Amino acid sequence: MRIHLATDHAGLDFSRHLQEHLAAAGHEVVDHGPVEYDPIDDYPAFCINAAKGVVRDQQAGVQALGVVFGGSGNGEQIAANKVLGVRAALVWNDSTAQLARQHNDANVISIGARQHTVEEATRFIDLFIAEPFSLEERHVRRIAQLAEYEATGDIAGRNVDR
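Parameters at a glance
Residue indices follow the written sequence of each chain, beginning from 1 at its first position. Confidence filtering applies because this is a predicted model: local features only for residues at pLDDT of at least 70, side-chain atom pairs given and counted only at 80 or more, and all residues used for totals across whole chains, interfaces and linings. Neither water nor hydrogens contribute to the side-chain values; these are computed over all heavy atoms in the structure. Put simply, a nonpolar core is a bunch of buried Ala, Val, Leu, Ile, Met, Phe, Trp, Tyr and Cys residues held in one set by side-chain atoms that sit within 4.5 Å of each other. Three labels apply to residues, based on accessible area from a 1.4 Å probe with only protein chains included: buried if under 20% of the type maximum, exposed if over 50%, partly exposed otherwise in between. Put simply, DSSP marks the helices as runs of H or I at least four residues long and the strands as runs of E at least two long, and each gets a number from the N terminus on. The convention used is that axes are lines fitted to C-alpha atoms, helices contributing only their stretch in contact, and that angles between N-to-C directions extend from 0 to 180 degrees. Oblique is the label for every angle not falling under 35 degrees (roughly parallel), over 145 degrees (roughly antiparallel), or within 65 to 115 degrees (roughly perpendicular). Note on convention: the crossing is left-handed when the near helix lies turned anticlockwise from the far helix by less than a right angle, right-handed when the turn is clockwise. Whether two residues are in contact is decided by their heavy atoms, any of which lying within 4.5 Å being enough. Classes in brief: Ala, Val, Leu, Ile, Met, Phe, Trp, Tyr, Cys and Pro nonpolar; Asp, Glu, Lys and Arg charged; the others, Gly included, polar. Pairing between strands requires that DSSP locate at least two bridges from one strand to the other. Each Phe, Tyr or Trp ring (for Trp, its six-membered ring) is paired with any other whose centre lies within 6.5 Å, and the angle between the two planes then decides the class: stacked below 30 degrees, edge-to-face above 60, tilted in between. Comment: the charge-over-ring label is applied if NZ (Lys) or CZ (Arg) is within 6 Å of the ring centre and within 35 degrees of the ring normal.

S.K.: An account of the nonpolar core is requested, with residue identities and associated values reported.
M.R.: Residues Phe-69, Ile-109, Ile-111, Ile-125 and Phe-128 are the most contacted members of the largest nonpolar core, which totals 21 residues. Among the elements of the structure, strand S1 (2-6), helix H1 (12-24), strand S3 (64-70), helix H4 (94-102), strand S5 (108-112) and helix H5 (118-130) are those that each provide at least two residues to this core. Considering every element that reaches this core, the biggest residue donor is H5, with five residues. Phe-46, Val-54, Val-68 and Ala-88 belong to the second-largest nonpolar core, a separate cluster that totals 14 residues.

S.K.: Describe the packing of H4 against H5, naming the residues involved and giving the relevant values.
M.R.: Taken N-terminus to C-terminus, the directions of H4 and H5 make an angle of 25 degrees; their axes are 8 Å apart at the nearest point. One way to sum up the angle between H4 and H5 is to call them roughly parallel. At the point where H4 passes H5, the crossing takes the right-handed sense. In this structure, H4 contributes Asp-94, Ala-97, Gln-98, Ala-100 and Arg-101 to the contact, and H5 contributes Arg-123, Phe-124, Leu-127 and Phe-128. Broken down by class, the residue content of the contact of H4 with H5 amounts to five nonpolar, one polar and three charged.

S.K.: Please set out the sheet that holds strand S2 (residues 28-31) residue by residue, giving values where relevant.
M.R.: Hydrogen bonding along the main chain pairs the strands of a sheet, whether they run parallel or antiparallel. The strand order across the open sheet formed by five strands is S2-S1-S3-S5-S4, and the pairing between neighbours is parallel. The open sheet has two edge strands, S2 and strand S4 (88-90), and neither has a second partner. Neighbour to neighbour, the strand axes of the sheet diverge by 25 degrees on average, direction disregarded. Both S4 and S5 contribute to a ladder of three bridges, which runs parallel. Bridged to Ala-88 within S5 is Val-108. Contacting S1, S3 and S5, helix H2 (residues 44-59) runs over the sheet at an angle of about 165 degrees to S1.

S.K.: Residues and numbers for the packing of aromatic side chains, please.
M.R.: With the rule as written, the count across this model stands at one aromatic pair. Directly above the aromatic system of Phe-128 lies the positively charged group of Arg-101, at a separation of 5.8 Å from the ring centroid.

The following block contains the structure:
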């Protein structure tokens, strides 16, 4: 599987560790930056590029997921979710890592590098990658509604306020 990574300065050490860990597990890793420590760097472009890479790969039939990091993971999740076709989830424990895939078919996760150890974050990512989407009808339906809203600004028959 191809894994797209992005971070800011807070997650740079995590990113380096993860690149090695994921490559050793047989994954192709694409690093979207940064490549060096800059305490005032701006994460949006890094995370957006990683998210775009995931969507582009998935549309081309390539198995791909993304992982973005920052101090809390919040801003990085927001940035990734600005990309059409991305479902980025903030992960903070084993259960949220698994449910992000199982129920939400998330294709990107975000983790707070200042909130977790490298070992915890690595476990969350391994769980996320290994967990399949459940394909349960209710989850498929909900994801379709989100995609419809993303494309049209409405969910037919669901009384979305205009």
